[in-house]
Amino acid sequence: VGIVGESGCGKSVTSLSLMQLVQAPQGQIVSGEIRYLASDGKCYNIAKMPRSEMLHIRGKEISMIFQEPMTSLNPVFTIGEQMDEVVLLHEEGATAESAKAHSIEMLQLVGIAMPDKVYASYPHELSGGMRQRVMIAMALSCGPRLIIADEPTTALDVTIQAQILELMQDLQKKLGMAILMITHDLGVIAGMCDEVIIMYAGGVCERGTADKIFYHPQHEYTKGLLRSIPNIDSDEKERLVPISGTPLDLLRMPSGCPFAPRCEKAMKVCLQGCAPEVWVGRDHLAACWMNYKTGMEKGLIEYGENGEIVRMKLDGGDEE
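> Tell me about unusual backbone geometry, and please be specific about residues and values.
Backbone geometry places glutamine 20, a non-glycine residue, at a positive phi of 55°. For glutamine 20, a relative accessible area of 21% puts it in the partly exposed group.

Right, dumping it as structure tokens:
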């Protein structure tokens, strides 16, 4: 699953919330649920879990590859010391010798040459690509069911980016884990993800399969993102169409749709309230008043006496 959006839309805060790593008092989980079905068959609400219980989930069930590989590792400890800590914390009966053997095995799994030497090295002795591989190895150490990758290719050159993404795909298929990929690079999303969530101003504006999002976008923000990407198949020179305006100040959210001030098709209703999510196709939802407008014009929406939607047909078919 890929989460896409411009800088400041809430992608990283969402991922940190999933790990209960939001720093108080600036950031707090004040409402809602984060439901997680663990390997023991129990469904946990991470938003309400005590810290003592969360320690068994974080690193063991859910791991995270943090945004900046250059600074995510502690500079005063060796790679081996930092990797062994994860194993010793979560694996019962683990000894220093077994933790070392497991850490070296994980370094080898992520394609690091001479893992024994890297195990004894300090972070500053490794390149950016090597550090990112170490971060991936550390996240995989305890066999998590979910990996959260927060912009895992940031600060890496294009060649190394491709290697890291290919490595993650191979490991996902080999180990059977789920990946939550957070990025603002739509090219990465197109090549990596089955499902996509588009975020704007701290909320979800559209979600669906990758094919639906890229070929049939239904929210004006998503359409704007796609228009701002160069088309390599075009024979003629085309000007990119940027999204006008600037991102919102999240401390001064408008009463209406947060994208309305930057939307060329904004209507009066967009300034009065946010559109609820509506099905715009199989496996595809969007929160945009334009879908209601289109549905009414095509006779696809049937309203009840109180103004609520009682039936809505999917555009282009008889499916309801």
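> So what about helix H4 (residues 79-90)? Which residues, and what values?
Taking 1.5 Å of rise per residue, the 12 residues of H4 would be expected to cover 16 Å, and the 18 Å separating its terminal C-alpha atoms lies within 8% of that figure. Listed as buried for H4 are Ile79, Gly80, Gln82, Met83, Asp84, Val86, Val87 and His90. In the core, the buried residues of H4 are packed alongside helix H2 (51-57), helix H5 (96-109), helix H6 (115-119) and helix H7 (128-140).

> Account for the packing of H4 against H5, naming residues and giving values.
It is at 9 Å that the axes of H4 and H5 come closest, and there the two elements cross at 120°. One way to sum up the angle between H4 and H5 is to call them oblique. When the axes of H4 and H5 are compared, the crossing they make is right-handed. The segment H4 lies against H5, with Met83, Asp84, Val87 and Leu88 engaging Ala96, Ala99, Lys100, His102, Ser103, Met106 and Leu107. Here the contact of H4 with H5 is built from residues that sort into 7 nonpolar, 2 polar and 2 charged.

> Which residues make up the environment of phenylalanine 66, and what are the values?
Among the secondary structure elements, phenylalanine 66 is positioned in the loop between strand E4 (62-65) and helix H3 (69-72). Accessibility expressed as a relative area gives 32% for phenylalanine 66, which makes it partly exposed. Taking the C-alpha atoms as reference, phenylalanine 66 lies 7.5 Å from glutamate 151; in sequence the two are 85 residues apart. In this structure phenylalanine 66 touches Leu16, Leu21, Ser72, Met135 and Asp150, once residues within four positions along its chain are discounted.

> Describe the side chain of serine 63, and please don't skip the residues or the numbers.
Locating serine 63 in the fold gives a position in strand E4. For serine 63, the side chain forms a polar contact with the main-chain oxygen of glycine 59, separated by 3.2 Å. Within the local environment of serine 63, its side chain forms a polar contact with the backbone oxygen of alanine 139, the two atoms lying 2.9 Å apart. Residue contacts for serine 63: discarding those within four places in its chain leaves Met19, Ala139, Pro144, Leu146, Ile147 and Ile148.

Definitions and limits used
Residues numbered from 1 in each chain as written. Predicted model: local features only at pLDDT ≥ 70, side-chain atom pairs only at ≥ 80, totals over all residues. Heavy atoms only, no water. Buried < 20%, exposed > 50% of the residue type's maximum accessible area, 1.4 Å probe, protein only. Helix = DSSP H or I, 4+ residues; strand = E, 2+ residues; numbered from the N terminus. Expected span 1.5 Å × (residues − 1). Contact = heavy atoms within 4.5 Å. Axes fitted to C-alpha atoms, helices over the stretch in contact; angles between N-to-C directions. Parallel < 35°, antiparallel > 145°, perpendicular 65-115°, else oblique. Left-handed = near helix turned anticlockwise from the far one by under 90°. Nonpolar A, V, L, I, M, F, W, Y, C, P; charged D, E, K, R; others polar. Polar contact = N/O pair within 3.5 Å; in protein donor to acceptor, adjacent residues only side chain to side chain.

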